[in-house]
Amino acid sequence: MRRDFLKLCGLAGLGLALPYQHPDARAAEADQGYAGPYYIVFNASGGWDTTYLMDPKGINEINRLYKEGDILTKGNHKYAPTAAHKNGGLSNEDFYEKFGDELMVFNGLDYSVNNHSPGARYMATGKLDSMAYPTFAALVAGCQGPTCPLAFLTFGNYSNTGNVVAMSRVPYLPSLQKIALADAIEGNARSPYHDQFALDRIEQALAEQNEIDAAQARLPRVERAQSMLYAAQVNSKALQRVTQYVPDKVPKERLSQQAEIALSSFKAGVCVSANLSIGQFDSHANNDPDQMKLLPEFLEGIAYVLRRAEELKIREQLVVIVQSEMGRTPSYNKGNGKDHWSIGSIMFLGKGIKGNRVLGATDEKQFGVNIDAKSLALDKDNGIRIRPEHIHTALREFAGIAEHPFAKKFPLGVVEKERLQGFWG
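Each value, and the rule that gives it
Residues numbered from 1 in each chain as written. Predicted model: local features only at pLDDT ≥ 70, side-chain atom pairs only at ≥ 80, totals over all residues. Heavy atoms only, no water. pLDDT = per-residue confidence, 0-100. Contact = heavy atoms within 4.5 Å. Phe/Tyr/Trp six-rings, centres within 6.5 Å; stacked < 30°, edge-to-face > 60°. Helix = DSSP H or I, 4+ residues; strand = E, 2+ residues; numbered from the N terminus. Lys NZ or Arg CZ within 6 Å of the ring centre and 35° of its normal. Core = buried A, V, L, I, M, F, W, Y, C linked by side-chain atoms within 4.5 Å. Buried < 20%, exposed > 50% of the residue type's maximum accessible area, 1.4 Å probe, protein only. Axes fitted to C-alpha atoms, helices over the stretch in contact; angles between N-to-C directions. Parallel < 35°, antiparallel > 145°, perpendicular 65-115°, else oblique. Left-handed = near helix turned anticlockwise from the far one by under 90°. Nonpolar A, V, L, I, M, F, W, Y, C, P; charged D, E, K, R; others polar.

Draft legend 1. Up close: the confidence of the model for the protein. For the protein, the average pLDDT comes to 88, and 84% of its residues sit at 70 or higher. pLDDT under 50 marks residues 1-30. Its contacts with residues more than four places away, or in other chains, come to 78 contacts.

Draft legend 2. Spatial organisation of the packing of aromatic side chains. By the definition in use, this model includes 17 aromatic pairs. Relative to Phe 423, the ring of Phe 348 has its centre 6.0 Å away and its plane inclined at 80°; by these criteria the two rings are edge-to-face. Here Phe 423 lies in the segment after helix H12 (405-409) and Phe 348 lies in strand S11 (residues 343-350), a separation of 75 residues in the sequence. Ring-pair connections join several aromatic residues into one group, and the members of that group are Phe 106, Phe 348, Phe 398, Phe 423 and Trp 424. Geometry around Tyr 332 places Arg 64 over its ring, the cationic atom sitting 3.7 Å from the centre. One residue, Lys 338, lies across the ring of Tyr 332, its end atom 5.0 Å from the ring centre.

Draft legend 3. Layout of the nonpolar core. Counting 105 residues, the largest nonpolar core has Phe 42, Trp 48, Phe 266, Leu 276, Phe 298, Phe 348 and Phe 423 as its most contacted members. Looking at which element gives the most residues to this core, the answer is helix H10 (residues 287-311), with eleven residues. Residue contacts for Phe 348: discarding those within four places in its chain leaves Glu 102, Leu 103, Met 104, Val 320, Ile 321, Ile 353, Ile 391, Leu 395, Phe 423 and Trp 424.

Draft legend 4. Quick look at the packing of helix H5 (residues 136-144) against helix H11 (residues 388-399). Two elements in contact, H5 and H11, have axes whose closest approach is 11 Å; the angle formed by their N-to-C orientations is 25°. Here H5 is positioned roughly parallel relative to H11, judged by the angle of their axes. Here the hand of the crossing between H5 and H11 comes out right-handed. Here H5 contributes Phe 136, Leu 139, Val 140 and Gln 144 to the contact with H11, which in turn contributes His 392, Leu 395, Arg 396 and Ala 399. The residue inventory of the contact of H5 with H11, partitioned by class, reads five nonpolar, two polar and one charged.

Below, the structure is given as structure tokens:
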């Protein structure tokens with residue numbers, strides 16, 4: 001049974017390599033489940049056009065679908081009008097009307113590079129010159145819930161774990177059902193491999209054998225392998241909680257499908273963080289129609305997550321990060337597209353984040369404006385450029401993991417005077 005479960009995990013791309021714990025402690029933690037906060041990172045892979053979302057311009061031929069006088073506001077937010085131009089999905093008007101009061105935006109983020117791979121790595125980890133650093137989603141999972149069966153879920157984009165937590169990939173909702181019911185044939189609860197009394201005896205025997213093995217001196221590799229086997233059995237039982245939250249009807253939208261897997265796992269207490277992603281934002285040709293198709297789809301996916309989280313009664317424990325690895329140029333090329341631009345934006349929403357706020361800015365040529373790290377006010381002459389490491393340092397502090405050994409193992413090098421003060425409000 002353990003072999004079948006591990007085999008299924010492998011087929012789904014699911015990792016369960018966990019550090020050793022005493023069997024009683026692991027079983028108790030598995031029964032209790034992780035209760036939040038839950039972190040979701042949305043990735044607009046390919047490079048979004050921020051001037052068609054949270055950093056509107058309407059001047060200097062930067063955009064062709066609206067003028068400066070058409071820019072809309074909701075509280076402190078300014079955003080591009082898209083209701084008349086979108087191709088499906090959710091318009092900016094509807095998105096800001098629903099979530100503007102909760103939303104925090106930072107404009108003028110300096111990515112420092114304009115290539116996809118290093119940009120995605122930099123935005124995900126806060127470290128540009130290393131491929132060993134974990135993404136924030138992986139790091140927070142490793143710090144706050146390393147023994148959760150699906151601690152860090154990822155659906156694409158840069159997903160390095162830094163070996164602080166196992167990476168889990170569950171591509172489809174039916175896959176989640178099969179993993180959750182690994183002791184049943186094809187995930188069918190009515191067709192178990194063993195009767196319950198047999199499962200209880202097997203579990204008891206495994207626990208007793210694990211006690212014996214733990215008391216013996218063994219090589220680290222052997223001890224780790226035994227820990228993985230026992231963790232798989234205990235987590236198999238914990239994963240069964242997921243099934244009650246898997247919807248009967250699978251949504252058609254890309255982000256919604258990913259969201260259901262993540263939210264079901266959050267609600268079941270078996271997951272800490274999820275990395276959600278859709279691509280094709282790299283609009284080198286026909287920028288406007290491409291962005292007007294993808295940005296509304298992206299916003300609709302975010303809205304879906306928030307709506308479903310409320311239905312599952314975990315909305316108050318949700319932290320949402322919305323980002324891309326680059327922006328688009330302030331001018332069009334000969335193919336009516338926009339090329340790579342190393343200045344962009346990032347958005348946040350959720351528990352502990354003060355909404356209706358916009359920090360940072362870009363100027364009339366779409367270059368980033370420096371800010372004062374202490375006051376967060378614009379300071380073109382004496383301020384600093386805000387880069388991903390500044391954001392990630394603030395994220396680590398926000399999540400309460402800045403002093404965790406895993407975080408210290410991957411320092412970001414932001415000096416004290418450049419740490420963002422009061423960033424979360």
